[in-house]
Every structure is written in structure tokens, then in C-alpha cells.
Amino acid sequence: MLKINGNKIVDSKGRKVRLTGIAVGGWLMMEGYMLGGRNIPEHVFKRSLGNKAGEFTEQFRNRFFNENDAQKIKELGFNCVRLPINYRLLEDTGGLELLKQAVKWFADRRIYTILDMHAVPGSQNHDWHSDSDGNAEFWEKEEHRERYFQLWKLLSDHFKDNEFVAGYDVMNEPVTDKIDLLRETYSKTIELIRKNGDRHIIFLEGNRWAQDADVLDGLFSENVALSVHFYEPTRFVFDFVPDAVYPGKVGGIQWNKARIGKHLKKYLKFKVPVYVGEFGIAIRCPKCQKELEWIRDV
């Protein structure tokens, strides 16, 4: 089982392990843009299907990703998969078994899995990718937080002895002004998992879409790592400024490899492993505006 030694992730023999891989997005947490559709919350999309929702969900889960895709990931040379899940999966009939099957597909190929709760009860931010209808009720209602803790207890019960689970990304991209509540939630989650006899690495994401890591200061106890997301400059990365070119000025700021490095180096101050759970760019074409150069520099 992987663990943390200083600012490195190591295996049981103390050898450094660099986790390199992809996120299998859009499967166990449906996201519109990944499916060539509109960015609407998963539960709203399913509700629009009426009595066909159950049949659609079952067929989608069986077809969108399967064991052949796990093999392709292995052949690409990756050793890690970040697996985003909607909390609703764990409450659906057969959902947990599907998750366990996916982890086994990867484990059979010696690929580590990071279990990422991408949408939590009540939604941790107001965007569609947390299955939110525009509100982040997780921070408003204790009942949502209690469900969240119980779901992590459930996941820990089933995966705590699995050596090919690299760890748990306990909450994707929280956004809240209630910093004390965010810290308290993370502390309780860590305590719950540890009291369950689970020594897996716990990955914490900072506030405001995993950008503000300073709110995590003091939470990095044994086997706790930092997970960050990088989409800067957002106006270029998300194609909000169609004629922007990299390297170049975006919003009056010169963006190049040096600036990207300066932006990312701030995460090293915590002296824990840094896992980049997400980064990427909306590509117009491979070389139109130097998108691939941005990727190489990041």
C-alpha cells in the first residue's frame, strides 16, 4: 500500500512512486461537455429521461467504459487513474459493485486508483460538475454533511485493505466562504477514515476549485497529501478569448512557462506530495494557438 514519506509517495519498500495517469471523467459522474452535450447537472439530465432513466443509466455505465479501456490505459504506460464518482452512485442499486469492479480492472493491471468524490450530497459548489442545480447546499445543511461522512465510511469499509487504491480525493473543488466549516469537514473525514483502520493516502483539495490551498494549512497530518487543479489562465484555457495565443498576454498579463512555474511553485511550501488531479485546455486544433505548447510547459 502506498504511503507518504516526507514530500514523496513511496511503496512498501520505500521506493519513490510517481503517479502518472488520467481521470476517467464522464463515466461514474456524468459531465455534459465530455459527452458532447450541454453542461447540465446529472440529476437534472436523468430526470428529463423520465421512466427511461434507469435503462439509460445501466446501458451507459456498461458501454461508456469497460475492461478494454482499462487495458488501453495500461498500454499507454500510465500507472494511476483518478476515478470521479457522483455520491448518488453509492446509493444506487449496483453502484458500489460497479465501482469495486472498476478498481479490480485497474488492480489486475497494477494500476492505482484514486477514488474522487466529485459530487457530494447537497453539492460542494454551485456548478453543474458537482451535480448542483445552482446552489451549494452542502455547506448549509448538516444532514448533507452527515450523509457525506457515512458515504466515506462506506467507501473505507470496502477499500481500506486494497493496496491498489492509491488513496481518497475526499472532495472535488469545494467553494465556500465558510472556511472553518471546510476545515472541520476535512478534519472529521480524516478522523473517520483513520478510526476505521484505514491508512490510505488522503488527498485534500483547496477552496475555490482546488486553487486556494492556504486554507489547508495545519491539516497535513500523516499520509495526507495536496491535490491541485490547474487551468490558468482560465480565459485562454477555456477559450473565453478566442484569439488569445500562448505564450502571450491574457487579461493584460504575460503568460509563459516562467509564469506558470511561479504559479505552481507556491504549492511546494507545504512540503507534502502534490498531486495534480486535473489540468487541461479546450483545444481549437492542435497548433492553432499553441495549445500543445501550454500543455508541455505545464
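Just so you know, these numbers come straight off a predicted model, no measurement behind them.

Draft legend 1. Local environment of the overall build of the chain. Of regular secondary structure, the chain possesses 11 helices and 11 strands. Taking 2.2 N^0.38 as the reference for a compact globule, 298 residues should give roughly 19 Å; the C-alpha atoms of the chain span a radius of gyration of 19 Å, in line with that estimate. Dimensions of the chain, computed from the C-alpha atoms along their principal axes, are close to 50 × 50 × 45 Å. When contacts within the chain are restricted to residue pairs at least 6 apart in sequence, those whose partners lie at least 24 apart make up 69%. Of the accessible surface of the chain, which amounts to about 14600 Å², a share of 48% is contributed by carbon and sulfur atoms.

Draft legend 2. Looking closely at the environment of Arg110. Position of Arg110 among the secondary structure elements: in the loop between helix 5 (95–107) and strand 5 (112–119). Between the alpha carbons of Arg110 and Ser221 there is a distance of 27 Å; along the sequence they are 111 residues apart. Residues within four places of Arg110 in sequence aside, it is in contact with Lys74, Asn79 and Phe164.

Draft legend 3. Region of the structure containing the packing of aromatic side chains. For the structure shown, the criterion picks out 20 aromatic pairs. Each ring, one from Phe138 and one from Trp139, has its centre 4.8 Å from the other, and the planes form 90°; the classification is edge-to-face. In terms of burial, Phe138 and Trp139 fall into one category: buried. Among the aromatic side chains, those forming a connected cluster through ring pairs are Trp27, Phe65, Trp105 and Phe106.

Draft legend 4. Examining the packing of helix 6 (residues 142–159) against helix 7 (residues 179–195) more closely. It is at 10 Å that the axes of helix 6 and helix 7 come closest, and there the two elements cross at 30°. It follows that helix 6 is roughly parallel to helix 7 by the angle criterion. The handedness of the crossing between helix 6 and helix 7 is right-handed. Note on element contacts: helix 7 touches helix 6 through Leu181, Thr185, Lys188, Thr189, Leu192 and Ile193, opposite Arg145, Tyr148, Phe149, Trp152, Lys153 and Ser156. A class-by-class count of the residues in the contact of helix 6 with helix 7 yields six nonpolar, three polar and three charged.

Draft legend 5. How the structure looks around the environment of Ile114. Looking at the secondary structure, you find Ile114 in strand 5. With 32 residues separating them in the primary sequence, Ile114 and Arg82 have C-alpha atoms 4.7 Å apart. Residues in contact with Ile114, not counting those within four places in the same chain, are Leu19, Cys80, Val81, Arg82, Leu83, Ala166, Gly167, Asp169, Phe203 and Tyr275.

Draft legend 6. Up close: helix 3 (residues 67–75). Along helix 3, the residues classified as buried are Asp69, Ala70 and Ile73. Considered in projection along helix 3, the buried side chains sweep an arc of 105° and stay on one side of the axis. Facing away from the buried side of helix 3, by more than 90 degrees, are the exposed residues Asn68, Lys72 and Glu75. Against strand 3 (21–23), helix 2 (53–64), strand 4 (80–86) and helix 5 lie the buried residues of helix 3. Its side-chain oxygen at 2.9 Å from the backbone nitrogen of Asn68, Asn66 defines the N-terminal cap of helix 3.

What counts, and where the lines are drawn
Residues numbered from 1 in each chain as written. Predicted model: local features only at pLDDT ≥ 70, side-chain atom pairs only at ≥ 80, totals over all residues. Heavy atoms only, no water. Helix = DSSP H or I, 4+ residues; strand = E, 2+ residues; numbered from the N terminus. Rg over C-alpha atoms; globule rule 2.2 N^0.38 Å. Contact = heavy atoms within 4.5 Å. Areas by Shrake-Rupley, 256 points an atom, 1.4 Å probe, with all protein chains shown as cover. Phe/Tyr/Trp six-rings, centres within 6.5 Å; stacked < 30°, edge-to-face > 60°. Buried < 20%, exposed > 50% of the residue type's maximum accessible area, 1.4 Å probe, protein only. Axes fitted to C-alpha atoms, helices over the stretch in contact; angles between N-to-C directions. Parallel < 35°, antiparallel > 145°, perpendicular 65-115°, else oblique. Left-handed = near helix turned anticlockwise from the far one by under 90°. Nonpolar A, V, L, I, M, F, W, Y, C, P; charged D, E, K, R; others polar. Arc of directions from axis to C-beta. Polar contact = N/O pair within 3.5 Å; in protein donor to acceptor, adjacent residues only side chain to side chain.

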